[in-house]
Amino acid sequence: MEAVIKTTVKETDLSETTVTQPRPFISTSISNQWNSGICDCAQDRPRCCFAFWCFPCFACKTAREAGECLCLPLLDSFGLIPPITTALRVSVRQRYGIEGTVCNDCVYACFCGPCSWCQISREIKTRTNPITLISMKF
């Protein structure tokens, strides 16, 4: 699928030249599913490394990006089920219309906490910059 803009340029009074300019095909990634899986940390290596080397800082930064209090993730250490991770997953799912259940969010928060935070961070990054340039022909 290629969109084309045609421009007519008059060179002289007797002749016209038509110039065709291709436009890029632009795609958005709006969907009702997570854009990456729970174990797809390698899709964004800088965020993955940040989460690995300084997880509390990463979780606080991600909470801030989600519009929550910067120190909110620090409360997760006071319970068997991490309530903040679960609540933030539910919040991100509802904000972006992602299908899922609170039960699944709870399981991911309990058993895959750091991966869950990475997935949330990737989703926020992807959804706040949804336009992707697919191709451009000259």
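See the structure printed just above.
Residues numbered from 1 in each chain as written. Predicted model: local features only at pLDDT ≥ 70, side-chain atom pairs only at ≥ 80, totals over all residues. Heavy atoms only, no water.

### Quick word on the overall build of the protein chain
In terms of helices and strands, the protein chain carries five helices and four strands. Starting at the N terminus, the α and β elements of the protein chain follow one another as β-β-β-α-α-α-α-α-β. Burial status across the protein chain gives 29% buried among its 138 residues. If you take every contact in the protein chain between residues at least 6 apart in sequence, the share linking residues at least 24 apart comes to 61%. When the accessible surface of the protein chain is summed, it comes to about 9,100 Å², and 62% of that surface belongs to carbon and sulfur atoms. (Helix = DSSP H or I, 4+ residues; strand = E, 2+ residues; numbered from the N terminus. Buried < 20%, exposed > 50% of the residue type's maximum accessible area, 1.4 Å probe, protein only. Contact = heavy atoms within 4.5 Å. Areas by Shrake-Rupley, 256 points an atom, 1.4 Å probe, with all protein chains shown as cover.)

### Some thoughts on helix H5 (residues 113-128)
Given 3.6 residues per turn, any residue in an α-helix points the same way as the ones three and four places further on. Relative to the 22 Å expected for 16 residues at 1.5 Å per residue, H5 spans 23 Å between its end C-alpha atoms, a close match to the ideal helical length. Turning to H5, its buried residues number three or more, namely Gly113, Ser116, Trp117, Cys118, Gln119, Ile120, Ser121, Arg122, Glu123, Ile124 and Arg127. Residues of H5 that are buried sit in contact with helix H1 (45-53), helix H2 (55-65), helix H3 (83-96) and helix H4 (102-111). (Expected span 1.5 Å × (residues − 1).)

### Focus: the packing of aromatic side chains
One pass over the full model with this rule turns up two aromatic pairs. Ring geometry for Phe50 versus Phe58: centroids 5.6 Å apart, planes at 90°, classification edge-to-face. Under the relative-accessibility criterion, Phe58 is labelled buried at 2%. Between Phe52 and Trp53, the ring centres sit 4.8 Å apart and the planes meet at 85°, which makes this aromatic pair edge-to-face. For Phe52, a relative accessible area of 61% corresponds to the exposed category. Assessed through its relative accessible area of 68%, Trp53 is described here as exposed. (Phe/Tyr/Trp six-rings, centres within 6.5 Å; stacked < 30°, edge-to-face > 60°.)

### Section: H3
Spanning 14 residues, H3 covers 20 Å between terminal C-alpha atoms, matching the ideal 20 Å at 1.5 Å per step. Residues Ile84, Thr85, Thr86, Leu88, Arg89, Val90, Val92, Arg93 and Tyr96 constitute the buried set of H3. If you follow the buried residues of H3, they end up packed against H2, H4 and H5. Just beyond H3, the residue with positive phi is Gly97, at close to 70°.

### Overview of the side chain of Arg93
With respect to the element layout, Arg93 can be found in helix H3. Take Arg93: its relative accessible area is 7%, and that puts it in the buried class. When neighbours within four sequence positions are excluded, Arg93 is seen to be in contact with Trp34, Ile98, Glu99, Gly100, Thr101, Val102 and Asp105.

### Quick look at the pattern of salt bridges
Tallying each qualifying case throughout the model produces seven salt bridges. The shortest N-O distance in the salt bridge between Asp44 and Arg47 comes to 3.1 Å. Of the two residues examined, Asp44 and Arg47, each falls in the buried class. The salt bridge partner of Arg47 is Glu65, with a shortest N-O separation of 3.4 Å. Of this pair, Arg47 sits in helix H1 while Glu65 is found in helix H2, placing the two residues 18 residues apart along the sequence. Look at Glu65 and you get partly exposed, because its relative accessible area is 31%. Residues joined by salt bridges that share partners form a network here, namely Asp44, Arg47, Lys61, Glu65 and Lys125. (Salt bridge = Lys/Arg side-chain N within 4 Å of Asp/Glu carboxyl O.)

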